[in-house]
Every structure is written in C-alpha cells, then in structure tokens.
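One-letter residues, chain by chain:
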Amino acid sequence: MMRNFIAFILSTFMIIGCTQKENIDYVNPMIGTDGIGHTFPGATTPFGMVQLSPSNEFKNWNWCAGYHYSDSIIKGFAHTHFSGAGLAGLGDILVMPTVGKPSTSAGTEEHPENGYRSRFSHDKEVAKAGYYSVNLLDDNIDVELTATPRVGFHQYTFHKDEEVNVVFDPTHHLMETIFGTSVEILDDHSLRGYKKADGEAGKRTVYFYAEFTKAFKASLLTNNDQPKSNIKKLEDERAKAVVTFDVKSGEKLGLKVALSNVSYEGAKKNFEAEAEDKTFDQALFQAQQLWREKLNKIEVETLNEDDKAVFMTGMYHSFISPNLLSDVDGNYVVEGKVFHTDYPQYSNYSTWDTFRALHPLFTIIEKEKTGEFVNSLISRKTVSEMELPIWEAIGHDNICMIGYNTVSPIADAILKDIPGIDVNTAYQTMLSASNYLGKHSPNYDVNGMEDYLKFYFVPGEIGSSVSKTTEQNYYDWTIAQVAHKLGDVKNEKLYLERSKGYRALFDKKSGYLLPKMSDGMVPNVSTKTWDDLVKNYVSGNIWAYSMYVPHDVKAYMSMFGGPQQFAQKIDDILADTTTIGGAQHVDISGFIGKYGHGDEPGHQIPYFYVYAQQPWKTQKLVHQVMDEFYHNDPDGLVNNEDLGQMSAWYLFSSLGFYPVTPGDLNYIIGSPKVKSATVHLEDGKTFKVKVNNASKENVYIKSVKLNGKTLDKAYITHNQIMEGGELVFDMQSTPNKEWGVTEEATPGKNVASIPEVKQRVTNTPYSSNTENFFGTSLNIKLYCNNKDAVIRYTLDGSEPTGSSKKYVNGIRINRTSTLKAKAFQKGLIDSKTFEHQYIKTLSARLGKGFPKIQLMHETEDYGATDGRQLIDQKLASDAFADGKWNGFIKNNLEAILDLGQVTDVKQLKYNTLSNTYVWIFPPKSITVWTSTDQKKWKKVATETYDVVDSHEHKIITNSVSLGNQKARYIKVEIQNYGGMPKWHGGAGQTPFLMVDEIFVN
C-alpha cells in the first residue's frame, strides 16, 4: 500500500511539474516576423554561429531576415540570418527536402510545384527557443530544425513509402552577390561545399560539411540547374547538389550541417566537436538547456501571460547576437584574412543600436560574455590591424552607420570592471578610433572627422552632421571617463572638451540642435518636409537627435532655461502631430507625436523627464510605449529589432530602470511593468524587484525602497545592482509630484548656466554667387564672418596656403574655373577650404526665367516633384540625400527644356550619381530631340552607356553632342539602368536614377 501511495504521489508531482510552464515556454520567436521587425523564427543557440531558419523568396526590405510572416511559400532552410537588422545579408547554404524527380530548380512563386519550393501554413508551423518545425504542404514533409552553436540539425519525416530528395543550394542569398559556389559528394552519407559572396558581410567564403543519418542511393550536381553527369565535385558560379533516398512511411531522415568561415577543415572540426555522435533529440535538448540557462537569468511575474511572453521573447532576442565567428580550433576570418586566438571570437555587432541598452544589460547578467565581446572588438585593432568596427557582419565592417560607436560598450565594460579585459590596450584602441579619418558610410556621407577634430562638431556641409556630432560627443565623453579612471589627465580634459561640441549647434529659439556650417551660418531647416531632415539627421530624426545629449543632460537643460523649459520641449515633441511632406526614412516609426520609438537614437527621451524633475511623465510614457509598441504577435515589434536593442529597452523598462548614459554607472528609474522580478547575477547574488499594487492603471510611483530604505533619488547605481538586494515600488493610479523631483534626485552636477561657446576655427569664406553657372563673365565676391580674417585663394583647383593670392575686392573670371579659398586669423585654426565650381554655359545666358522645364513624370522620393532643381544652376554633392538630387525609379526621366527663344545649341550636359552600394545606378541611355515650335521634333542624339561591373560611388558628368542645331525646345529621355546586374545584391530589381543639373552649350 505504501509503495503504491508513494508511486501515486510521485506521478502526481510529475504531472504538476509537466504542466507548470518554464520561462522557455513563453518564448515566441514569431514576434517580429511580421511588419518591419525583421526577426527570423528558426532555430539557434545563444550567440551561436548558426541561425537555421526558413527562407522565402527575397522580395524587398521586409524580407531582410529571409522570412516574412505574410508569405506562404518556403524556398528552403538556410543556416545564417541577422536577427532584426535593418539590412539584408547572409542566408547561407539553403537545404530543402522534396519529392519527385531529382532537380535543383526551385520553381517559381506562382508555380512552386514546378520546383523544390513548397507552400506552407502557419497552422502547421511551430517556433520555440532552439526549435522550429513546419509541414511542407506540397509534398507533406514534416521538417524539424535545431542547432548547436556551429551546426544545424535537420530532421525530415515522410508520410508514405517513396523516393525523396534533399537539395543543397549554396547560391541562395539575401541581397548578396554570388561569385562562386562548390558542391562535392564525399561518400554515400556526406558532402561539402562553399559559397563565395559579397554584400553587407563583405567579400567572404562560407564552407559547409553535411552528413546524413542514412545513405543516399544517388546524387546529382548541377550548374545553373543544368545536370552535370558522372561527376562528384563541381566548382562554378551556380553549383548545386541533390541527393536521393528511398524512405518508408513515417521514417525520419536526419541531416547535420556544420559551417566555417575559414575552411573545409574548420567545418569538419566543428562537426566532429559538436555533432558527430549527437542525435537530433540530443541536440535539441542541449539547445533548449542553453536557452533555459539564459532565460532563467531573470525571473519575472507579470500581470498576464502575454506580458510574460513579450518579456521572455525579449530575453531570447537579446541573446541571439553577437554571433560566434571562430571555429572550435580558434581560427576565424576578419576582412578576408585568417587569424587565431585562444578565446572565442564574435561578430555581427550592430553597436550603433546596441550600445544604448543591450550591452549595458550584458554587463549585469553576462559579465563573462561581455569580456569576450570586448576582447573580440579590441582584437580588430591589436590582432587584425584594423580600426574598431562601426557595424561588423561576419568579420567585415560595412560602415553602414555613423560614428565610432564601439567605444561605448568598451568604455562601459572597463568602467564597470568587467574581468578579463586588458584595460590599457582597450583604451588605446578607443583613442585610435576617435581620431581615425577613414570609415565613410555609403548611406550617410563622409564621416567628417577631419573637421570634427578641429570644430568638435561636424559642419553642416557634411551629411547627417548633427547626428554625427551628438553621437561622437557622447563617445568622447565615455573616453574621458576611462581616461579619468586611468589617471590620464591630459586626455580626460581633451575629450571632455570635445564632448561639448554640440553646444555650438543649439538654437535657443527653436530648441533644436541645427546644422552649423563651417562659415558660421545656420541654414534654414524645415520640419515640414523630410528633405531637410534626412540631409542633416540620421533617419531624418531631428527630435531624437536634438535630445541626444545623454552625457551632459543637466548642462543641456540650462541651455533651454532650466528643467521646466526642458520638460516643455519634450511635451512639445510628444504633442506634435503635424504632417510632414516628402519621403520619410524607412527606419523611423512608432510615433507618439514626433517621438519615434522605432528609431534607437530617441530611446532615452522618455527618461529625460526624470532629469527635468517631472518623473511622473516618464512613468506614464514608458508604459504607453510598452503597451503600444510591444505585443505577443508576429507584428509585435514596431520596427527592426536591431539585434537586441528594441528588446533590451523593453526589458530594462519593464524592470523599472534604464541606462540612459552607458558609462556613468547609473540607471534612471522609470516605472515597472512586472509584478516582481529576480535578476540572477553570475556570482550567485540576486537583485530583486517587487511591485506593490501592480496593475495596468497603477503606472505612477508612490514611493520606492532600496534594501528597506526609502529611496528619494530617481536612479540606482550599477554597484547597487551588482551587490544584490531588493528594489520595492509602491504604485498608484495618480501622479505623485513629490517623489524624485529635486535637483539631487538625478545623477550629475547641477549646471546653472553655460559659458559662451568659444570659436576654435576661423570661419570658412563664402560667396554670394551660389550658382555654379555663368554666361560670359562673372565677378565673384568673397566674404568671411571673421572680420579680421585674411582670405587667400586659387583658381586652378590647388589648395590655398598662407602665401596664395590675397583676396581684396573681387575676382573676375571669364572661363570655367574651380575657386578655392581659405581664411586665416591669428589665434584660431585655419579655416576649412571653400571650394566652388563655376561653369561657363549657354544655359546661364538665356533670358530671365529660362530655361524652363516640364517633367512628364514627377520625381520620386528625392528632389522637388516638378523638377525645378534640374535647372537651378546649383550642383549636387556626392551625397544622395543632400536635397539637390532628383530621383526616378518607376519611370525614366522624360523632360522638355524651354530655352525661351530659338538658339544655336551644340551640346547637352547633365550630372548623374552612381552609388551602387545604396541602389543608385547611372543611366542606361539618353535620347535627345530638338524643336523650334514644339510641334516637329528631330531626334539629334542617342547614347548608350557602359554597364557597371563593380561597386562605385561617384558623380558622372555626361556630355552629349547635338551637332549644330537651332532649337528652342529640347526633349530628353534619360533611361533608368533597369534590372541591376547579377553581381549586385539586388540583382534584377530596379535601382534609382539620380540626376541633378541639365544644361546646354
């Protein structure tokens, strides 16, 4: 009886235990796969090299992760993906099981039955941490996926006795250029191969070794899907393989695919270390154990199940990247070269996003990994002899963003005493990065560092100047903190001074940070159109970047007039619902007024109310953001997840505090969304959050206690968290305007007023002759906003020096010239060089108001829709977002120029931009017609341009000979390049045609 009773009790506990949900059970990898979240639903391990996930056909930006919830067709299962990035890439080594005649043709989206791709339904799809499964409807194949860090595990179940195939497609990619592939049959169980590609992860090779749990009976290699007979190895542009099996109904076929970015040998070693003697179920158990370990680092109790799913999925997304780069033997590749270290190497650093909250989160719950991440980063300088990366993908810095942002997580780790870091070496890499003149973004113009090192701000002539200034000021402040820690007084002073450069950009009237030109003037910036904003701010986000001074908040408040005025500015941003014209940047979304939560540079704004002594507004706002922009559904992220940053913001905010200024060792208190939380620290201590009176309505803080003592400050320190303890919130439904409202409630010294910003650099000379064209001759006047400065100039394009010709009362020119001028004043740094091209042309000799232009199709996204900028006699720069280029993508540029009267014309010229990195190609051709009366047209010229065979970024001046024509009207058709070439990541898709000035001689 007793034995039976004990058995009954044990079985009862087992049943209870089986029904109790764990943290891992709340993870929903589907969150972010719809909308513009850009996450993938497939199987991976924390920080693993492999992300094994389904791929649809890449269609557009929404398919950056290879999969989009709106799709209904799976092309196959690829082994690498970015998690929530705003850029596309990878999608390495696609594998797909199928039934029927062996073939490597994928078929088409319209007719998937003609190839190996298959329809699927979300009803027969499961995604969990470390596991993914789906039924391929066309052939009724159940696919299950899991992974170890470097190996993808597949398991296919077939439902009748039949002959089946497994296709290997190394040509598959997400917006990359494929320039070589290979497949090789090794024996009746295994094969290997590689993919050579160029894209956001640079020019690289990924190798694979694949082994089945059962012998295949036949194999076939193809190139361009054309069979190659009697061969076991193929190296070509589009090599693929298909292997064939006989299976029984219900039989499970296993496949393991190991990757290496180094070599075949590396892939095989990775396989032997992680997969050789491991079954699918064992790999799945191990993957889920790894996820349990990470997900259990923070235990939470929430108001409802959906909130817990959002929180735990945020944890899951936060632990996907950075990703393992090195093989088990320590070899890895950076910028195409093989290196070796004794510690794990990682890549996929979206640090422009993740320095804000993800890396600070790691310093609390992933100290060991933080050390490994930092060591990987600093080794780019010390081992690979590169500079610190800006956005590194698979060991390649694609520089898609701005600033030397990597110094922030390095500095934060040093200041928090993360073990295992050579602090002095790390410090030297930071100093080097902060003075490096290279690394120009193809998206956001040159970096402007040469000017920044003189002005301490980036002048407005350079694209995204305000964003570059505010971010680099913050990075410099972090360097100053490390300098202080190391006793480097000289650099501490220098970098603190550099960190204040933003002050020169502050416009007290508008409360915005506005671009300041090197001549000392501030251009008009309209907030009614995106054109001006996209030019001067990353994502066009003037509101976020005018609030991006996390390192100097109290000084910045004084520039507004004090906390109340600062709070009013935030109020105004949140209340501003005005419509903005023009093309909005794709990466700004999740609006509350003009606060766009989907754009990371604004993530600190909700917490700035605390500094402004109105913390109850922060408490309300963070709940509004969490409630509106984070949901437990596929469209549950308001923008790109960005490799963990969007999730990290939510995790911190749910716990009730946030790292506004990584590097200052403080966390600003907001308002918790959890009922309770326990943060498990690596030394065994715990930091607990307890929320009394938690409810959806009770978003306001009544009082806070830390370790039993009343906390009047609206922040806690990093050390207080790491020492362990308990933070207790008492909540209520109405604002408490007495808690956390004193000047001392926030970190940092109070600043009564800001001294006048001293000028460091002589203002650049400028000319009132802003046009680039002139008719017969031109008298040029030069000015300088430093009245005591001396201007010296050249007309031959050479750089002016102190001995060049002195400007006195004017310069007269009668031929095309390149004017360069520089100003010199004692006590100031010599000015930046003014450069202007003056072109002698017939277009400038026409009557007043001419030429005129009539567009057959309006410009698209870029430039005035009526095309007037095409004839405004002002040349654009090589930055596509400078507001002067006119963009066409759906239509060719078709226009009629009216010269005002019948005129002798011999030549037509026009400028185009080629920046293939961002899908801007030169034209395919131009055709020109002339007419005297706009009734009879004569075709006078047709020119076809060379194809583009590699990436380029330049302005092209095209000259078209018209013969000797008498014409009043000139009709032009400039044809779009058309489908981009196969070497380009956007092969087949239509690029932008960018044209600036059309003029005649």
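Keep in mind that what you see is a predicted model, and the values were worked out from it rather than measured. (Residues numbered from 1 in each chain as written. Predicted model: local features only at pLDDT ≥ 70, side-chain atom pairs only at ≥ 80, totals over all residues. Heavy atoms only, no water.)

A. Summary view of the overall build of the protein chain. Across its full length, the protein chain holds 20 helices and 54 strands. Taking 30 Å as the expected radius of gyration for a compact globule of 1001 residues, we find that the protein chain reaches 31 Å, a close match to that expectation. In terms of principal-axis extent, the alpha carbons of the protein chain reach across some 115 × 80 × 50 Å. Residues classed as buried in the protein chain amount to 61% of the 1001 residues present. (Helix = DSSP H or I, 4+ residues; strand = E, 2+ residues; numbered from the N terminus. Rg over C-alpha atoms; globule rule 2.2 N^0.38 Å. Buried < 20%, exposed > 50% of the residue type's maximum accessible area, 1.4 Å probe, protein only.)

B. Expanded view of the environment of Met 731. Inspection of the secondary structure puts Met 731 in strand E38 (residues 725-732). Accessibility expressed as a relative area gives 2% for Met 731, which makes it buried. On a C-alpha basis, the gap between Met 731 and Ser 695 in space is 8.4 Å, while along the polypeptide they are 36 residues apart.

C. Looking closely at the pattern of salt bridges. For the structure shown, the criterion picks out 47 salt bridges. For Lys 416, the salt bridge identified is with Asp 412, shortest N-O distance 2.9 Å. Across this residue pair, the class does not change: Lys 416 and Asp 412 are buried. Beyond isolated ion pairs, a larger network of salt bridges with shared partners links Glu 57, Lys 59, Asp 71, Lys 75, Glu 109 and Arg 117. (Salt bridge = Lys/Arg side-chain N within 4 Å of Asp/Glu carboxyl O.)

D. Broad picture of the environment of Thr 794. In this structure, Thr 794 sits in strand E43 (residues 790-794). Take Thr 794: its relative accessible area is 11%, and that puts it in the buried class. The spatial distance from the C-alpha of Thr 794 to the C-alpha of Ala 127 is 66 Å, given a sequence separation of 667 residues. When sequence neighbours within four positions are dropped, the list of residues in contact with Thr 794 reads Pro 800, Ser 804, Thr 818, Leu 819 and Lys 820. (Contact = heavy atoms within 4.5 Å.)

E. Region of interest: the side chain of Asn 698. Turning to its location among the elements, Asn 698 is positioned in the loop between strand E34 (686-692) and strand E35 (700-706). Separated by 2.7 Å, the side chain of Asn 698 and the backbone oxygen of Asn 693 make a polar contact. Leaving out residues up to four positions away in the same chain, Asn 698 has contacts with Asn 693, Met 731, Gln 732 and Ser 733. (Polar contact = N/O pair within 3.5 Å; in protein donor to acceptor, adjacent residues only side chain to side chain.)

F. Seen up close, helix H19 (residues 645-655). Of all 11 residues in H19, 11 are buried; the element is thus mostly enclosed. Listing the buried residues of H19 in full gives Gln 645, Met 646, Ser 647, Ala 648, Trp 649, Tyr 650, Leu 651, Phe 652, Ser 653, Ser 654 and Leu 655. At the exit of H19 stands Gly 656, carrying a positive phi of roughly 105°.

G. Main features of a negative patch on the surface. A cluster of acidic residues, Glu 293, Glu 368, Glu 682 and Asp 683, forms a negative patch at the surface. Note on placement: Glu 682 falls in the loop between strand E33 (676-680) and E34. (Patch = residues over 30% accessible without salt bridge, like charges linked within 9 Å, V, L, I, M, F, W, Y side chains within 5 Å. Areas by Shrake-Rupley, 256 points an atom, 1.4 Å probe, with all protein chains shown as cover. Lys, Arg positive; Asp, Glu negative; His and termini not counted. Charge placed at Lys NZ, Arg CZ, Asp CG, Glu CD.)

H. Here's a closer look at the sheet that holds strand E17 (residues 233-236). Across the sheet, nine strands lie side by side as E7-E8-E9-E10-E19-E14-E13-E12-E17; this open sheet has antiparallel pairing. Looking at strand neighbours, the two that pair on one side only are strand E7 (125-128) and E17, the edges of this open sheet. Strand-to-strand twist in this sheet, taken as the mean axis angle between neighbours without regard to direction, amounts to 15°. By the bridge criterion, eight bridges tie strand E12 (residues 177-185) to strand E13 (residues 190-199) in an arrangement that is antiparallel. In the strand pairing of E13, Ser 182 is matched with Tyr 194. The strands touched by helix H2 (residues 264-274) within the sheet are strand E10 (151-158), E12, E13, strand E14 (202-212) and strand E19 (252-260), with E19 carrying the most contacts at an inclination of about 130°. Where helix H3 (residues 280-295) meets the sheet, its contacts fall on strand E8 (131-136), strand E9 (141-147) and E10, and the angle it forms with E9 comes to roughly 50°. (Pairing = 2+ DSSP bridges. Axes fitted to C-alpha atoms, helices over the stretch in contact; angles between N-to-C directions.)

I. How the structure looks around the pairing of E7. Burial along E7 is one-sided: the face carrying Glu 125 and Ala 127 is buried and the face carrying Val 126 and Lys 128 is not. In terms of strand pairing, E7 meets E8 through four bridges, oriented antiparallel. In the sheet register, Glu 125 faces E8, and the bridge partner there is Val 134. Linking E7 to E8, which pair antiparallel, is a turn of two residues; within it Gly 130 sits at a positive phi near 85°.

J. Focus on the packing of aromatic side chains. In total, this model carries 53 aromatic pairs according to the counting rule given. A centroid spacing of 6.0 Å and a plane angle of 40° characterise the contact between Phe 319 and Phe 362, whose relative ring orientation is tilted. Of this pair, Phe 319 sits in the loop between helix H4 (305-318) and strand E21 (323-324) while Phe 362 is found in helix H6 (residues 358-365), placing the two residues 43 residues apart along the sequence. Residue classification places Phe 319 among the buried positions, given a relative accessible area of 0%. Since its relative accessible area comes to 0%, Phe 362 is described here as buried. Aromatic side chains Phe 362 and Phe 373 sit 5.6 Å apart centroid to centroid with 55° between the ring planes, which places their arrangement in the tilted category. Placement of the pair is Phe 362 in helix H6 and Phe 373 in helix H7 (residues 367-382), with a sequence separation of 11 residues. (Phe/Tyr/Trp six-rings, centres within 6.5 Å; stacked < 30°, edge-to-face > 60°.)

K. Representation of the pairing of E12. The element E12 is largely enclosed, with a buried count of eight among its nine residues. Sheet topology places E12 next to E17; four bridges connect them, and they run antiparallel. Its bridge partner being in E17, Thr 181 is matched across the sheet by Asp 236.

L. Quick peek at the sheet that holds E43. In space, the five strands of this open sheet follow the order E40-E47-E46-E43-E44, with mixed pairing throughout. Each edge of the sheet is formed by a strand with only one pairing partner; in this case those strands are strand E40 (773-774) and strand E44 (805-806). As defined by bridge partners, E40 adjoins strand E47 (residues 834-840) across two bridges and the pair is classed as parallel. Directly across from Phe 773, in E47, lies its bridge partner Ile 839.

M. Here's a closer look at the packing of helix H8 (residues 407-415) against helix H9 (residues 423-433). Relative orientation of the contacting elements H8 and H9 amounts to 150°, with a least axis distance of 10 Å. Here H9 runs roughly antiparallel to H8, going by the angle between their axes. Along this stretch, H8 crosses H9, giving a crossing that reads as left-handed. Contacts between H8 and H9 involve Val 407, Ile 410, Ala 411 and Ile 414 from the first element and Val 423, Ala 426, Thr 429, Met 430 and Ala 433 from the second. (Parallel < 35°, antiparallel > 145°, perpendicular 65-115°, else oblique. Left-handed = near helix turned anticlockwise from the far one by under 90°.)

N. How the structure looks around the packing of H3 against H4. Two elements in contact, H3 and H4, have axes whose closest approach is 10 Å; the angle formed by their N-to-C orientations is 110°. As far as their axial angle goes, H4 and H3 are roughly perpendicular. When the axes of H3 and H4 are compared, the crossing they make is right-handed. Contact residues: Trp 291, Lys 294 and Leu 295 in H3; Met 312, Met 315 and Tyr 316 in H4. Tallied by class, residues from the contact of H3 with H4 come to five nonpolar, no polar and one charged. (Nonpolar A, V, L, I, M, F, W, Y, C, P; charged D, E, K, R; others polar.)

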